[in-house]
Amino acid sequence: MQINESPRERLTPVQFRLLLQAAFTLFNIYVGIRFAAFLSWALGKSEVFVAKPGAVEGFLPISALLGLRQWLSTAEWDPVHPAGLTIFLAIVTMAFLFRKGFCAYICPVGFISNLIDRAGRRLKLSRVPRPWADYPLTGIKYLGVGFFSYTVFISMDLRSVQSFLTGPYNMVADAKMMAFFTDPSTTSLIVVTAIVLLSLVIRNAWCRYLCPYGALLGLFSWLSPTAVTRDEERCIGCGKCTKGCPGAIKVEEKKIVRSPECIGCMECVGHCPVDDCLTVKAAGRFRVHWLTVGICSVAVLLLFWGWAKLTGHWDSEMPPFMFKRMYSMFLGAV
Ligand code: SF4
Ligand code: SF4
Ligand code: SF4
């Protein structure tokens with residue numbers, strides 16, 4: 001058995017994750033700037049027309065869930081926010097195949113959460129709650145996903161779903177979301193500040209305890225054939241894997257990490273000092289490189305995007321002047 005005191009690879013899982021997260025966050029900022037320009041035109045503040053970027057609809061998961069309900073019931077794709085449904089299905093597919101790759105590498109909120117978590121650990125403020133508190137707290141986000149799923153798939157009838165999807169609230173939802181970032185209310189600022197402070201003292205508080213989107217992806221990732229596996233013969237029980245895990249999963253006690261809390265970030269693999277002790281396997285048998293999870297997650301997103309562009313499942317069927325009218329009617333103050 002070989003124990004490594006120095007890094008084995010030029011690119012570590014931590015660096016790779018931060019690089020991808022930073023790249024996607026920059027891309028989201030670019031999308032936000034383009035959407036702001038579209039909004040400016042739509043609200044008559046600018047003469048310059050900039051096409052609405054479809055990627056902005058990735059910030060509308062509830063609209064996408066309703067779009068999914070309509071698609072499953074009628075085979076009709078959401079005509080208002082088609083890219084939102086495409087992105088949602090790409091992310092779910094990603095979770096099913098490659099764990100919560102969206103959370104680990106792509107979600108900009110996850111990136112901020114990751115940075116706050118690292119700051120909390122560096123400042124020695126970050127703590128992992130004891131199991132008696134951790135388990136019930138983890139359940140909060142599953143209550144959230146249960147609530148949304150019940151509302152969308154059971155409580156609402158198809159006609160209500162379709163009315164919502166084509167209604168003014170949904171049409172302007174992306175602009176409302178933009179306003180949350182560019183012109184937050186006092187309540188929003190207080191809530192965000194509280195979450196940031198909480199995340200400094202409790203490891204990854206938002207993602208681990210509160211985000212229903214992450215909870216939904218966790219349920220799909222639980223079925224994923226891709227998982228970190230531990231070679232019990234090689235393991236020296238040093239605990240570095242558990243210490244480095246953003247989900248505080250007790251990796252050193254597992255043979256295969258199947259937890260829905262595992263986002264597939266590969267930080268445990270990077271922290272393990274023993275060669276080939278922690279590896280990534282598909283279907284429990286076929287070893288794959290740790291880079292596979294991140295690269296394939298991005299590939300899934302790009303494949304869905306390419307398919308949607310080619311088949312008309314990306315750009316909204318609503319003409320820009322229709323958005324212009326809706327924004328002017330319902331968002332004069334944005
Ligand atoms: S848990 Fe939610 S906020 Fe966190 S990375 Fe996943 S989707 Fe993003
Ligand atoms: S178990 Fe490993 S791959 Fe899963 S979240 Fe923890 S560190 Fe990341
Ligand atoms: S699997 Fe975890 S406990 Fe075992 S050697 Fe690797 S880092 Fe240490």
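Going by what an unreviewed UniProt entry lists, the chain is known as 4Fe-4S ferredoxin iron-sulfur binding domain protein and is assigned to Pseudodesulfovibrio profundus. Check the Subcellular location (unreviewed entry) section of the UniProt entry for the chain; it says "Cell membrane".

## Quick word on the UniProt feature "transmembrane region" (unreviewed entry) in the chain
Per the UniProt record, "transmembrane region" (unreviewed entry) is found at residues 20-43, 84-116, 137-158, 178-202 and 288-308. In this annotation, residues 178-202 is assigned 84% helix and 0% strand; the end-to-end C-alpha distance for the span is 28 Å. In the segment residues 288-308, helix accounts for 86% and strand for 5%; the C-alpha atoms at its two ends are 29 Å apart.

## Some thoughts on the side chain of Thr242
Turning to its location among the elements, Thr242 is positioned in helix α13 (residues 240-244). Residue Thr242 is classed as buried on the basis of its relative accessible area, which comes to 15%. Side-chain polar atoms of Thr242 contact the backbone nitrogen of Val251, separated by 3.1 Å. Sequence-distant contacts of Thr242, that is, excluding residues within four places in its chain, are made with Arg203, Ile249, Lys250, Val251 and Glu252.

## Quick look at the nonpolar core
One finds Phe88 and Tyr327 to be the most contacted residues of the largest nonpolar core, which totals 77 residues. Take this core: its biggest share by element is 11 residues, from helix α3 (residues 82-98).

## Structural notes on the site of ligand 1
With respect to spatial proximity, the complete set of residues near ligand 1 consists of Phe102, Cys103, Cys107, Val109, Gly110, Trp206, Cys207, Cys211 and Gly214. For the shell around ligand 1, the elements supplying multiple residues, two or more each, are α4 (101-106), α5 (108-122) and α11 (205-210).

## Things to note about the side chain of Thr138
Relative to the helices and strands, Thr138 is located in helix α6 (residues 131-155). Filtering out sequence-adjacent residues up to four positions away, Thr138 remains in contact with Arg208, Tyr209 and Glu261.

## Section: the environment of Leu60
Mapped onto the elements, Leu60 comes out in the loop between α1 (13-42) and α2 (61-74). Among the residues examined, Leu60 registers a relative accessible area of 7% and is labelled buried. The spatial distance from the C-alpha of Leu60 to the C-alpha of Phe16 is 27 Å, given a sequence separation of 44 residues. Ignoring anything within four residues of it in the chain, the contact list for Leu60 reads His81, Ala173, Asp174 and Met177.

Basis of the calculations
- Residues numbered from 1 in each chain as written.
- Chains lettered and ligands numbered in written order.
- Predicted model: local features only at pLDDT ≥ 70, side-chain atom pairs only at ≥ 80, totals over all residues.
- Heavy atoms only, no water.
- UniProt positions renumbered as here; feature names shortened; annotations may be inferred.
- Helix = DSSP H or I, 4+ residues; strand = E, 2+ residues; numbered from the N terminus.
- Buried < 20%, exposed > 50% of the residue type's maximum accessible area, 1.4 Å probe, protein only.
- Polar contact = N/O pair within 3.5 Å; in protein donor to acceptor, adjacent residues only side chain to side chain.
- Contact = heavy atoms within 4.5 Å.
- Core = buried A, V, L, I, M, F, W, Y, C linked by side-chain atoms within 4.5 Å.
- Near = heavy atom within 4 Å.

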